[in-house]
Amino acid sequence: MREAGQGRRKGAARTPLSRDRVIRTAVAVADEKGTAALTMRAIAEPLGVEAMSLYHHVASRDDILDGMVDAVFSEIALPPRDADWKSAMRLRAISVRTVLRSHPWAVGLLDSRARPGPATLRHHDAVIGTLRTGGFSVAMAAHAFSLIDSYLYGFVMQELSLPFNGAAELDEVAGAILRDMPTDAYPHLTELATEHALKPGYDYADEFTFGLTLILDALHPDEDARA
């Protein structure tokens, strides 16, 4: 009997609550339902605790958002140190897009926190360091960082809002739009759809690659490359 009781107590033991578990659970809730649904109760429920228990590990909802943003930045690959600045910025940009597509709520929050965490600071420092090492002045590094991220965040926001996901859905949505449009009313829109977007092999992701290449090719170091 004693062994059975010990087994029940052992089986009932919970994984200790921690700040990391709270943040990871908050990220999962936001991934599924968006940040509008991110209440203390919504975070506490999958953890199997009362909402008030969370306050032993986080100070407030804002503190949770700070942690969530830092968790997202921790998933983004840092620019590789052994690559030239352009290749490093390209690889980092691809990683940013991949991570933001998996956390759609994050795109509007990444640079919104007044108390950035260590992963955020490490990421920003690495990006600036790559540009500085590549020969960008302090001012030009700031310009390049802002330009690249404005494109990244804007593209992901547009991509996430599109009414299709993949070529099959694009064909269906665009085909329906073309059928419903008055004949010859919008010739340029019809031309773009039929001669570009609806062509076999078209992938909207190629628009990301085109724009990123255009931006990176337009940027140039303005100081002698550092050793």
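Above: the structure in question.
So, here is what we can say about the structure in this document. For every chain, the first residue of the written sequence is number 1, and numbering continues from 1 onward in sequence order. Since the coordinates come from a predicted model, pLDDT governs what is reported: local features require at least 70, and pairs of side-chain atoms require 80 or more to be given and counted, while whole-chain, interface and lining totals use all residues. Working from all heavy atoms in the structure, the side-chain values ignore hydrogens and water.

Quick word on the environment of Asp70
In this description a helix means any DSSP run of H or I spanning at least four residues, a strand means any run of E spanning at least two, and both kinds are numbered starting from the N terminus. By the element assignment, Asp70 lies in helix H4 (residues 61–75). The spacing of Asp70 and Pro118 is 48 residues in sequence and 7.2 Å in space, taken between C-alpha atoms. A 3.5 Å cut-off defines polar contacts: any pair of N or O atoms within that distance qualifies, except that in protein one atom must be a possible hydrogen donor and the other a possible acceptor, and neighbouring residues in sequence count only when both atoms are side-chain atoms. A distance of 3.1 Å separates a polar side-chain atom of Asp70 from the backbone nitrogen of Ala119.

Some points on the packing of aromatic side chains
Each aromatic pair joins two rings of Phe, Tyr and Trp (for Trp, the six-membered one) with centres within 6.5 Å, and gets the label stacked for planes under 30 degrees apart, edge-to-face for over 60, and tilted for any other angle. Taken as a whole and assessed by the stated rule, the structure comprises 6 aromatic pairs. Geometrically, the ring pair formed by Tyr151 and Phe208 is stacked, given 5.9 Å between the ring centres and 15 degrees between the ring planes. Here Tyr151 is found in helix H7 (residues 138–161), whereas its partner Phe208 is found in helix H10 (residues 205–218), with 57 residues between them in sequence. When the ring of Phe164 is compared with that of Tyr204, the centres are 6.4 Å apart and the planes differ by 85 degrees; the resulting orientation is edge-to-face. Pair noted here: Phe164 is in the loop between H7 and helix H8 (167–180) and Tyr204 is in the loop between helix H9 (187–197) and H10, with a separation of 40 residues, a long-range link. Here Phe164 matches Tyr204 in class, with each residue buried. Counting every residue linked through ring pairs, the aromatic cluster contains Tyr151, Phe155, Phe164, Tyr204 and Phe208. Exposed residues in this analysis have more than 50% of their type's maximum accessible area, buried residues have under 20%, and partly exposed residues fall in between, with area computed by a 1.4 Å probe over protein chains only.

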